[in-house]
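Listed here are the chains, written in short residue letters.
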Amino acid sequence: MDTRREDEIEDMSLSPPTMGSMQIAGSNGFGHSIEFMSQAYLRNRYSEIDIEDDSTSTHKDRPLPIFLKFEDVEFKVRNSHASSCNPLKAVVTKVATQLKMDQDKYKQILKGITGSIGPGEILALMGPSGSGKTTLLKVIGGRLLDNVRGKITYNDVQYNSAVKRRIGFVTQDDVLFPQLTVEETLVFSAFLRLPSDMSRQQKYSRVELIVKELGLERCRHTRIGGGFIKGISGGERKRTSIGYEILVDPSLLLLDEPTSGLDSTSANRLLLVLQGLAKAGRTIITTIHQPSSRMFHMFDKLLVIAEGYPVYYGKARESMGYFSSLRFIPEIPMNPAEFFLDLATGQVNDISVPEDLLESQVSPVPEKAVIKYLQLKYKNILEPKEKEDNHIITRAPEQLQLAIQVKKEWTLSWLDQFMILSKRTFRERCRDYFDKLRLVQALGVAVLLGLLWWKSSTDTEARLRDQVGLMFYVCIFWTSSSIFGAVYVFPFEKFYLVKERKADMYRLSVYYVCSTLCDMVAHVFYPTFFMVILYFMAGFKRTVTCFFLTLFAILLIAITSQGAGELFGAAVMSIQRAGMVASLILMLFLLTGGYYVQHIPKFMRWLKYLSFMYYGFRLLLKVQYSGDELYECESKGGCRKLQTSPSFDTVNLDGGLEEVWIMLAMALCYRLCAYFCLRRRINVCNI
Ligand SMILES: Nc1ncnc2c1ncn2[C@@H]1O[C@H](COP(=O)(O)OP(=O)(O)OP(=O)(O)O)[C@@H](O)[C@H]1O
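Because the structure is a prediction, the values reported are computed rather than measured.

Looking only at helices and strands, the chain has 26 helices and 13 strands in total. Evaluated residue by residue, the chain yields a buried proportion of 55% over its 687 residues. For the chain, long-range pairs separated by at least 24 residues make up 77% of all intrachain contacts whose partners lie at least 6 apart in sequence. A total of about 30,700 Å² of accessible surface is found on the chain, and carbon and sulfur atoms cover 58% of it.

This brings us to the site of the ligand. Near the ligand you find 15 residues, and of these Ser129, Gly130, Lys133, Thr134 and Thr135 are the closest. Interatomic distance of 2.5 Å between a side-chain N/O atom of serine 129 and an oxygen atom of the ligand. Histidine 289 is positioned with one of its side-chain polar atoms (N or O) 3.0 Å from an oxygen atom of the ligand. Protein contacts shield 68% of the accessible area of the ligand, which totals 630 Å² for the unbound molecule. Those elements giving two or more residues to the shell around the ligand turn out to be strand 2 (106-117) and helix 5 (133-140). Across the shell around the ligand, the residue classes tally to 3 nonpolar, 9 polar and 3 charged.

Looking now at the confidence of the model for the chain. Within the chain, residue pLDDT values average 78, and 77% of them lie at 70 or more. Put simply, helix 3 (residues 45-52) is where the chain has its lowest mean pLDDT, 30, and strand 7 (residues 283-287) is where it has its highest, 95. Note on residues 642-651: pLDDT is under 50 here. Beyond four places in sequence and across chains, it has 13 contacts.

Here the focus is a nonpolar patch on the surface. A cluster of nonpolar side chains, namely Leu584, Met587, Leu591, Tyr596 and Val597, defines an oily patch on the protein surface of about 470 Å² accessible area. Residue position: tyrosine 596 is located in the loop between helix 23 (575-591) and helix 24 (606-610). Note on tyrosine 596: relative accessible area 42%, which makes it partly exposed.

This part takes up the nonpolar core. Membership of the largest hydrophobic core comes to 178 residues, with the highest contact counts inside it found for Ile285, Phe323, Phe328, Phe530 and Leu678. The element that contributes the greatest number of residues to this core is helix 22 (residues 544-572), accounting for 13 residues. Excluding residues within four positions of it along the chain, phenylalanine 328 makes contact with Phe323, Phe339, Leu343, Val348, Ile351, Ser352, Val353, Pro354, Leu357, Val370, Tyr373 and Leu374.

Moving on, we come to the packing of helix 7 (residues 182-193) against helix 9 (residues 234-246). Relative orientation of the contacting elements helix 7 and helix 9 amounts to 15°, with a least axis distance of 9 Å. Taken together, the axis directions place helix 7 and helix 9 in an arrangement best described as roughly parallel. Once helix 7 is placed against helix 9, the crossing between them reads as right-handed. Only Thr240, Gly243, Tyr244 and Glu245 of helix 9 make contact with helix 7, whose side of the interface consists of Val182, Thr185, Leu186, Ser189 and Arg193. A breakdown of the residues in the contact of helix 7 with helix 9 according to their chemical character gives 3 nonpolar, 4 polar and 2 charged.

Unusually for a residue other than glycine, aspartate 72 sits at a positive phi of about 50°. Position of aspartate 72 among the secondary structure elements: in strand 1 (residues 68-78).

Moving on: the sheet that holds strand 3 (residues 122-126). Ordered in space as 5-6-7-3-8-9, the 6 strands form an open sheet in which the pairing is mixed. Where the open sheet ends on each side, the last strands, each with one partner, are strand 5 (167-170) and strand 9 (309-315). Going from strand to strand, the sheet's axes swing by 15° on average, the running direction of each strand aside. By the bridge criterion, 4 bridges tie strand 5 to strand 6 (residues 252-255) in an arrangement that is parallel. Note that in strand 6 the partner of isoleucine 167 across the bridge is leucine 252. Helix-sheet contacts for helix 5 involve strand 3, strand 5, strand 6, strand 7 and strand 8 (301-306), and the interaxial angle to strand 7 is about 150°.

A word on the packing of aromatic side chains. According to the stated counting rule, one finds 35 aromatic pairs in the structure shown. Taking the centre distance of 5.4 Å and the plane angle of 10° together, the rings of phenylalanine 477 and phenylalanine 530 count as stacked. You can see phenylalanine 477 sitting in helix 19 (residues 461-487) and its partner phenylalanine 530 sitting in helix 21 (residues 508-537), a full 53 residues away along the chain. Overall, the relative accessible area of 0% leaves phenylalanine 530 in the buried class. Ring centres of tyrosine 506 and tyrosine 511 lie 6.3 Å apart, and the angle between their planes is 15°; this geometry places the pair in the stacked category.

What follows concerns the sheet that holds strand 1. Backbone-to-backbone hydrogen bonds join strands into a sheet, with any given pair of strands oriented parallel or antiparallel. Taken together, 3 strands build an open sheet; the order of strands is 2-1-4 and the sheet is antiparallel. With one partner strand each, in any of the chains shown, strand 2 and strand 4 (148-154) form the two edges of the open sheet. Neighbour-to-neighbour, the strand axes of this sheet turn through a mean angle of 20°, independent of strand direction. Where strand 1 and strand 2 come together, 9 bridges link them in antiparallel fashion. Note that in strand 2 the partner of valine 73 across the bridge is isoleucine 113. Along the sheet face, helix 5 touches strand 1, strand 2 and strand 4 and points at about 115° away from the line of strand 1.

Rules used throughout
- Residues numbered from 1 in each chain as written.
- Predicted model: local features only at pLDDT ≥ 70, side-chain atom pairs only at ≥ 80, totals over all residues.
- Heavy atoms only, no water.
- Helix = DSSP H or I, 4+ residues; strand = E, 2+ residues; numbered from the N terminus.
- Buried < 20%, exposed > 50% of the residue type's maximum accessible area, 1.4 Å probe, protein only.
- Contact = heavy atoms within 4.5 Å.
- Areas by Shrake-Rupley, 256 points an atom, 1.4 Å probe, with all protein chains shown as cover.
- Near = heavy atom within 4 Å.
- Polar contact = N/O pair within 3.5 Å; in protein donor to acceptor, adjacent residues only side chain to side chain.
- Nonpolar A, V, L, I, M, F, W, Y, C, P; charged D, E, K, R; others polar.
- pLDDT = per-residue confidence, 0-100.
- Patch = residues over 30% accessible without salt bridge, like charges linked within 9 Å, V, L, I, M, F, W, Y side chains within 5 Å.
- Salt bridge = Lys/Arg side-chain N within 4 Å of Asp/Glu carboxyl O.
- Core = buried A, V, L, I, M, F, W, Y, C linked by side-chain atoms within 4.5 Å.
- Axes fitted to C-alpha atoms, helices over the stretch in contact; angles between N-to-C directions.
- Parallel < 35°, antiparallel > 145°, perpendicular 65-115°, else oblique.
- Left-handed = near helix turned anticlockwise from the far one by under 90°.
- Pairing = 2+ DSSP bridges.
- Phe/Tyr/Trp six-rings, centres within 6.5 Å; stacked < 30°, edge-to-face > 60°.

Take a look at the structure:
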């Protein structure tokens, strides 16, 4: 057994090993990384490293070049399209589309967009808000597959799971775990995504290289943050998101608004990084709102979209010339991006317009007319461009076409994925602020209950009643605490899960098992601390067996409730609705738990058999009061010792195995249902 290997597993995200021959000398500054990036390009750095060490690249050579071509791409959605995570609506939409029904209810978002891009190039998608940039990016990235028309090819091959692995997608909102540091984020991603034939040392080195390439050294040990947690800056967050994607050396990198929220200097630096990545052989497409003139000149190609139609596609540096040739000329000095956006929204206040457009319209020219004019003009010149693009695409080498048709396989075995993901999940959940609050709450409530029920006994009927009341309260407390502790997990992690599943990082079953087990630690430890405090303060039966059996009953309640919480969360997948559903069901379980109502009418009796609180409470009673004595439980709560044979409503408190089996079966059943709900929900979710 390789002991070093074990140590590395233990301390995966701590100090990465030194890089030996790959150590990059120089300052930690971001500017230096850029310099480094261009040097990397000039010396074909990735290939050199492969020869020297083979430790930084996923592939033997530079990223497999991807020639992307999209022809006449159209995309539509139903007008009444609601939550994309609603499987029922998704199925109805799909069926309606296939039957070609409800055509008028569709909204056309992309209306015939054509273009192409090769390795080493950056294509900028520009257009006003709502014009369809993100949608086009998602269609190209294979994130929207239904209702798409047109042809999209990657080295002349259509989208498939092998192509998917070659695509990196940086979403507009950075989907990163707030509790992890920058380095942990990258290390865990590297361990989950890089192939198993790469050694740990090589994976660390790859992270190290990315950290340096993207100038993340200064914040590598800072948490990502967000919400209540103070974390890294917006620019650092964006660079971490890019690093997360380029870890696996994608050939096609798609970025949605990577500069949004950044100041112009940070945005400019980010684009320099992208330029470096493109020069290293990647194909890059980015949507961008208002780049500065300096940034604009870093793009190789430009696609301007207005209301879903293309109004310009071609070399970025020729774009001004194109609009001038149409006689759209700015009357005041304007940044090119600003000029194109004005045109794409049809606002021509400071722009002189062609005479034929002026003649056919009233003054001032309506916005719609400008957009229509631009679309028509673009259509007329589209033909020759297409021919030129075809020429580029058909030159894609044969071997690339073959190389991309690799069958999809998981990079790691189930167990390996489990080992890495459970470590990440545990670390991330342990740092959760709310989890710590739950522990404080549990300990506080235990002390409070202990003081209120100080040394309670079963000497008199009234005292017995008190103790039974305490038991039911404990039952309620752990049911609600565990349900609410679990119900938000999947709705909250939905976006992380969708993102990582789209990148094929791990199997859903691995995620589910890791999530359940890591959460279970809290669901086991917190009730244990709680019971240690409460049990002896409240004066329950003082025998070791009784203590452990009571603890076991509480743990069973907590674990079954956790399963129920997971199921409710996975079924609704929305933070607001999950809370509401959990409260309603909890109330139902509480009422039918056997304390408030015992003589439930026959037609409603089935409810109590669904309530695990009913079985949990019975189990607690049996543990505390089992023996020779028989107790009669009354409708107003409480039980009393019986001297004679039990009456009709008497519960025989011996045993308890039946309740244990029922609750174990319920815990398992809830989890199985939760897993299938999660699978169903996540597969139709989109980000
Ligand atoms: N699933 C959907 N259901 C309904 N409408 C949608 C859907 N997806 C996109 N749209 C609509 O399509 C249009 C284009 O959206 P898209 O997000 O692509 O625009 P965008 O150009 O990226 O905008 P922004 O710059 O503001 O991000 C918008 O009007 C949007 O409301």
